[in-house]
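What follows is each chain in one-letter form.
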Amino acid sequence: MAQQKPVDAALLAKGEYLARAGDCIACHTAREGKLFAGGLPMVTPFGTLYTSNITPDQQTGIGIWTSDQFFKMMHNGRFSDGGLVYPAMPFASYTKMTREDSDAIFAYLRSIPPVKKINTPHDLSFPYNNRSLIIGWRTLFFREGEYKPDPTKSADWNRGAYLVEGLGHCGMCHTAINALGGSSESQAFEGGLIPMQNWYAPSLTSNKEAGLGDWSIEEISDLLRTGVSSRGVVYGPMAEVVYNSLQYLNDDDTRAMAVYLKSLAQGTSPEKPAVPLPSAESSLLLSFGKSIYDRECAGCHGAAGLGMPPHYPPLAGNPSIQMVSAVNAIRMVLNGGYPPGTAGNPKPYGMPPFAQRLSDDEVAAVVTYIRTSWGNRGEPVSARQANELRAATLN
């Protein structure tokens, strides 16, 4: 009787770790669905895509795939039969992955329980349901190739770049997406509105937003690993990334990511001094906003916006409050939210929603007050902006 090839426990552990680093579970596991069985709807401006079953089921999953075919999909964005993968799957980032890491992830996926679940057909509008159009997208936006270390940089920097640019595919959110569903390398990590989600992914290159040039390595590492730090807290889509992926990375890797992320923001020019809001109307708005803030917010964030880190983040001097886009600040006031529950922060403190108790005018006033007080340099927001975001989908 032929003996089965022994399972390499170290390889499977490495593959599971890398699958976490790549956040595969977030897309390939539907709400209330089986692990990696796909079926998660991904709403895009072009229609709805449904993620695929990547369990080792031989009929509906990747059970008959070879490691070569898996690498071809990860590295080249092509299915086992040569078909083109829609770029909602981040192969443009995964192409930087080494063959060794791809093989480890494949070995891990082959070890999980198979699930017989037929892939749901995509529901894309014409002409985007024609896969041949992906050829044009690839010509414009896809650059195939494994990550090449920069010999002038440290080992930590290169490891961080590999994780941020490749496996972590951070640019999928933190780089603006254009009308063709692509992004420009020249605008990498400069931030942008996440299509259809109504959340703004801040710039990682500008200290005016999430640029981390003036954060310490430890502060960045804490935020990545636990979702909270003395400088800020993650909410929205980033909270899901920390929950599903980053909290499982080891200290060396989160430190390496911190080293790389901090380097992206170095050299940012200093801000001009804050300009007071003019006009009697603005003064009235700020007075109205202050009254709401004192009543609803100061208990946690303090009368001077200093907060009580790490659980109640500071608002004074907080770059996320002052970003060009006020979307996140408005949504937090309307919908509230919690940072992720992680091993490093198992009982997170959250913020209650105020949509049910504050009018659009009140939301606009308090957000304007927060964005322009204590030396903050954000622009005022309008009641119309608040109203538009009341209907935003809650993820």
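Look a little higher up for the structure.
Residues numbered from 1 in each chain as written. Predicted model: local features only at pLDDT ≥ 70, side-chain atom pairs only at ≥ 80, totals over all residues. Heavy atoms only, no water.

Student: An account of the pattern of salt bridges is requested, with residue identities and associated values reported.
Tutor: Overall, the coordinates contain 18 salt bridges when judged by the stated rule. Between Arg295 and Glu296 there is a salt bridge, with the nearest N and O atoms lying 3.0 Å from each other. For Glu296, a relative accessible area of 19% translates into the label buried. One salt bridge connects Asp360 with Arg390, and the closest N-O pair in it is separated by 2.4 Å. With a gap of 30 residues between them, Asp360 in helix α15 (residues 360-372) and Arg390 in helix α16 (residues 383-390) connect regions that are remote in the sequence. Given the relative accessible area of 30%, Arg390 is considered partly exposed. Each of Lys14, Glu100 and Asp101 takes part in one network of salt bridges that share partners. (Salt bridge = Lys/Arg side-chain N within 4 Å of Asp/Glu carboxyl O. Buried < 20%, exposed > 50% of the residue type's maximum accessible area, 1.4 Å probe, protein only. Helix = DSSP H or I, 4+ residues; strand = E, 2+ residues; numbered from the N terminus.)

Student: How would you explain the packing of aromatic side chains if you had to name every residue and give the values?
Tutor: All told, the structure shown has 12 aromatic pairs when counted by the stated rule. Judged by centre distance (5.2 Å) and plane angle (35°), the rings of Phe70 and Phe106 are tilted. Of this pair, Phe70 sits in helix α3 (residues 67-76) while Phe106 sits in helix α5 (residues 99-111), placing them 36 residues apart in sequence. Comparing Phe70 with Phe106 shows no difference in burial state: the two are buried. Ring geometry for Phe91 versus Trp137: centroids 6.0 Å apart, planes at 70°, classification edge-to-face. With Phe91 in helix α4 (residues 91-94) and Trp137 in helix α6 (residues 133-141), the pair connects residues that are 46 residues apart, well separated along the chain. This pair shows no difference in class: Phe91 is buried, exactly as Trp137 is. Over the face of the ring belonging to Tyr248 we find Arg20, whose NZ or CZ atom lies 3.9 Å from the ring centre. (Phe/Tyr/Trp six-rings, centres within 6.5 Å; stacked < 30°, edge-to-face > 60°. Lys NZ or Arg CZ within 6 Å of the ring centre and 35° of its normal.)

Student: Before we move on, can you summarise the side chain of Ser102 with the specific residues and values?
Tutor: As for its placement among the helices and strands, Ser102 is situated in helix α5. Classification of Ser102 as buried rests on a relative accessible area of 0%. Once you skip the residues sitting within four places of it in the chain, Ser102 turns out to touch Phe70, Phe71, Met74 and Met97. (Contact = heavy atoms within 4.5 Å.)

Student: Provide a residue-level description of α5, including the pertinent values.
Tutor: Taking 1.5 Å as the rise per residue, α5 with 13 residues should run 18 Å; its terminal C-alpha atoms sit 19 Å apart, in good agreement. Within α5, burial applies to Asp101, Ser102, Ala104, Ile105, Phe106, Ala107, Tyr108 and Leu109. Lining the buried residues of α5 we find α1 (9-21), α3 and α7 (155-167). (Expected span 1.5 Å × (residues − 1).)

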